[in-house]
Every structure is written in structure tokens, then in C-alpha cells.
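Topology and contacts: notes
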Amino acid sequence: MLRQQDVGHRIVVRRIVGIREGRTLFSDALGELVELSETHITLSTDAGPLRVPVAEVHRAKRVPPARRPTAAAVVALELAADEAWPAPVRGRLGDWRLRWADGWTGRANSALPVGDPDRPLPAALDAVQRWYAERGGPALVNTPLPLAAPVGAELDARGWTSRPPVLVQTVPLRTLTAPPVAATLPATAPPAADVPPVTLADAPPDDWLAIAAGRKGGLPDAARQVLTGTPRVRFAELREDGRLLAVGRGTVTGEGRWLGVSLLETVPQARRRGLAVAVVRALAAWGAAEGATHAFLQVEQSNTGAVALYRGLGFTTHHTYLTRVAPAA
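Residues numbered from 1 in each chain as written. Predicted model: local features only at pLDDT ≥ 70, side-chain atom pairs only at ≥ 80, totals over all residues. Heavy atoms only, no water.

Before going further, it helps to spend a moment on the environment of arginine 234. Note that arginine 234 resides in strand E12 (residues 233-240). Counting along the chain gives 34 residues from arginine 234 to leucine 200, while the straight-line C-alpha distance between them is 5.8 Å. When neighbours within four sequence positions are excluded, arginine 234 is seen to be in contact with Leu200, Ala201, Asp202, Gly248, Arg249, Gly250, Leu283 and Trp286. At 3.3 Å, the side chain of arginine 234 forms a polar contact with the side chain of aspartate 202. (Helix = DSSP H or I, 4+ residues; strand = E, 2+ residues; numbered from the N terminus. Contact = heavy atoms within 4.5 Å. Polar contact = N/O pair within 3.5 Å; in protein donor to acceptor, adjacent residues only side chain to side chain.)

The following block contains the structure:
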């Protein structure tokens, strides 16, 4: 049977669904284990969240992870994410993207080495360093794994360091727009009956920007261009008695396929009420109405609270990336 160590991993469950002519009938389900309690197990499946009473479980076990995404799938998602977080200053090295936003966030100030740089790898990395030096910033390179493993090996040889791993996670939108299942939320954040409605705005109000600034350490002019530079973008607000309690940002990119979720934040005194979940679901409904079919987000692997929240909503890791930092000159 399953143990708490299996939470977050892919499992298969054979459940008892009835008896016919004296014979027990079974049904199998495959998905990521979200919660394991004394009475129920909850897993995230392609069809949405599934909650199974322990009394109905005939057999359950962990199975190997799903096959890694193809290189083409990683490239497509990375380019969709690039569209969703558009740096105001951009350059190209063949297919590689060079991005600069006055140092605001690593994503908007790093090279994205996907595709062919149109020159040998050492020469491409030399050009990256020159490009960032001209702008007075450190050279950063985001390396999607395992796609950019050769780039990473060259950076290792040059003494570049790494920031904490980032998980690029995805979920079918139908999972997020399905009726909520209580057990899919973290045990510390049950859905509240008194959650105020979420509204979506075309532009971020000042108090929304203040929360983003507090999280990201300021908000220069370049940051505002990053936040608002995507054609299809919405800023989610959840207010109570006029006070802003939770925010989030949604974009639709990648030829309309991907809803990108970012800057999800709840003010400290309003946490553990399910407000972040309400924000994500509101953005998912908007994304689905725009024609998107899947959602993605990026979260540091070390942010265990956020990872648990997203796991409860059905997100699984598509791939990871490392932000590599050039050694000081």
C-alpha cells in the first residue's frame, strides 16, 4: 500500500466499484498522488482530481514517472514562457534569446539557449557575456534540462554557478476548471465558504503593483513593461471590504495554447483560506475562454509551500531549469 513518501509521485490505483453476479468489479486510475489520509486518497488524473475512499482501494502502488517531454515540447513551452514574461530589451544569437529588463527578475535578464546559436558554443557564450557587459549587468543563462545539458557542461567548465532549480509545471486546464474537490487542497488551506469573488483587470491597479513590488524587491519602469507587455494578459484581484487580499497574473501565449500563471500572492494575514486557489481557478476560467488548453507556472523547487499548493491543484513538473551566473570579472 501507499505511504506518505509516495505523495507527489505517480501511482496506479485499483478500486472496487461494485459487485455483479457475485463478482467484484474493479476500475483502475493513474495519476499523481496529491493526498493520503486515513480515510481517502486523492490523485490528480488527466480527467481531473479523483478522490477514492480507502475502503474502496483494492490495490495501489507507485509507478515510474511518465516519459520525459520531447525536446520540441520543452522548446515550445520555454518560448511560450518567454512570451509571457517579455523583457523590454531583446537580442538574438541565431535562435537563442537575449533578454534585459534592468535587472528585474532572472527570467527577464537572462539568455535562453534553445535552438541553434548560429556559431560554435564557446563563441556563443562569449557573445552572451559581451551583450550583458554592454548593459552593465551580470551574464545569466537559463538552461532548460536536459535540453540544454551541453550548454550547462560548457558553463561548468567556465566556472559559472547555479541558482536554485526551478520547476516548470503544467496541468490541463480542464483539471483547474473542474468543480473543486476539497481533498485536493493542502490540509492547511480548506476551501472557505466566504471566499470573496475574484475580478480580472486589463491593467494592474496601484495596490496590486505594491504587492508585486514587495515580492520582487521593487518595481522599476522595465518591470511594468514585463508585466503588461503581453497582448493577452489579466491581473486577478481578490478583495474583502475594499482591501486587496490576493493577486495573480495570467497570460495566454504559445499560439494560444498556454495559460501562464505568475505572481500568485496572498497577504500574510489572509492565508490558509483558499484564496490563492480561487485566484488560480478564476485565471483558468479566463484562459479557457480565450482558447487555451493547458496552464503552466514556474516555481523554485525549494519553495515547498507553493509546490504543495500547485500539486494539490493538479500541476506536475514538465521540466526544470537552472539559472547559471557568470563568475565575477
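Let's pick the thread back up.
Below, the discussion takes up helix H2 (residues 121-134). Taking 1.5 Å of rise per residue, the 14 residues of H2 would be expected to cover 20 Å, and the 20 Å separating its terminal C-alpha atoms lies within 8% of that figure. Here H2 has its buried residues at Ala124, Leu125, Ala127, Val128, Trp131 and Tyr132. Down the axis of H2, the buried set is contained in an arc of 155°. They therefore lie on one face. For H2, the exposed residues lying more than 90 degrees away from the buried face are Arg130, Ala133 and Glu134. On its buried side, H2 packs onto strand E6 (89-93), strand E7 (96-100), strand E8 (140-145) and helix H3 (149-157). (Expected span 1.5 Å × (residues − 1). Buried < 20%, exposed > 50% of the residue type's maximum accessible area, 1.4 Å probe, protein only. Arc of directions from axis to C-beta.)

Taken across its six residues, strand E3 (residues 40-45) has six buried, putting it largely inside the fold. By the alternation rule, side chains of E3 split into His40, Thr42 and Ser44 and Ile41, Leu43 and Thr45, which are all buried. Looking at chain direction, strand E2 (residues 23-36) and E3 are connected through four bridges and run antiparallel. Bridge pairing links leucine 36 to isoleucine 41 in E3. Hairpin connection from E2 to E3: three residues lie between these consecutive antiparallel strands. (Pairing = 2+ DSSP bridges.)

With that settled, the discussion passes to the side chain of serine 110. Structurally, serine 110 is set in the loop between E7 and H2. Taking relative accessible area as the criterion, serine 110 reaches 0% and is therefore assigned buried. Side-chain polar atoms of serine 110 contact the backbone oxygen of glycine 106, separated by 2.9 Å. Here arginine 107 takes part through its backbone oxygen, which lies 3.4 Å from a polar atom of the side chain of serine 110. Apart from the residues lying within four places of it in its own chain, the contact partners of serine 110 are Arg97, Leu98, Arg99, Tyr132, Leu140, Val141 and Asn142.

Before going further, it helps to examine the packing of aromatic side chains. On inspection of all chains with the given rule, the structure shows six aromatic pairs. Seen in terms of ring centroids, tryptophan 131 and tyrosine 132 are 4.9 Å apart; in terms of plane orientation they differ by 80°. Their pairing is edge-to-face. Each ring, one from tyrosine 310 and one from phenylalanine 315, has its centre 5.9 Å from the other, and the planes form 65°; the classification is edge-to-face. Phenylalanine 315 carries the same exposure label as tyrosine 310, and that label is buried. Through pairs of rings, three or more aromatic residues link up here, namely Trp100, Trp131 and Tyr132. Above the plane of the ring of tryptophan 85 lies arginine 107, whose end atom (NZ or CZ) is 4.2 Å from the centre. (Phe/Tyr/Trp six-rings, centres within 6.5 Å; stacked < 30°, edge-to-face > 60°. Lys NZ or Arg CZ within 6 Å of the ring centre and 35° of its normal.)

Moving on to unusual backbone geometry. Cis rather than trans, the peptide bond between leucine 145 and proline 146 has omega equal to 0°. Of note in this structure, glutamate 21 is not a glycine but carries a positive phi near 50°. Relative to the helices and strands, glutamate 21 resides in the loop between strand E1 (10-20) and E2. A relative accessible area of 79% means that glutamate 21 is categorised as exposed. In the Ramachandran plot, threonine 105 falls in the positive-phi region, its phi being about 75° despite a non-glycine side chain. For threonine 105, the position within the fold is in the loop between E7 and H2.

Moving on, we get to the side chain of arginine 324. Turning to its location among the elements, arginine 324 is positioned in strand E16 (residues 316-325). Of note is the side chain of arginine 324, whose polar atom sits 2.7 Å from the side chain of aspartate 156. At 2.9 Å, the side chain of arginine 324 forms a polar contact with the side chain of serine 162.

Leu176, Trp208, Leu227, Leu259, Tyr310 and Phe315 are the most contacted members of the largest nonpolar core, which totals 53 residues. With nine residues, the single largest contributor to this core is helix H7 (residues 275-289). (Core = buried A, V, L, I, M, F, W, Y, C linked by side-chain atoms within 4.5 Å.)

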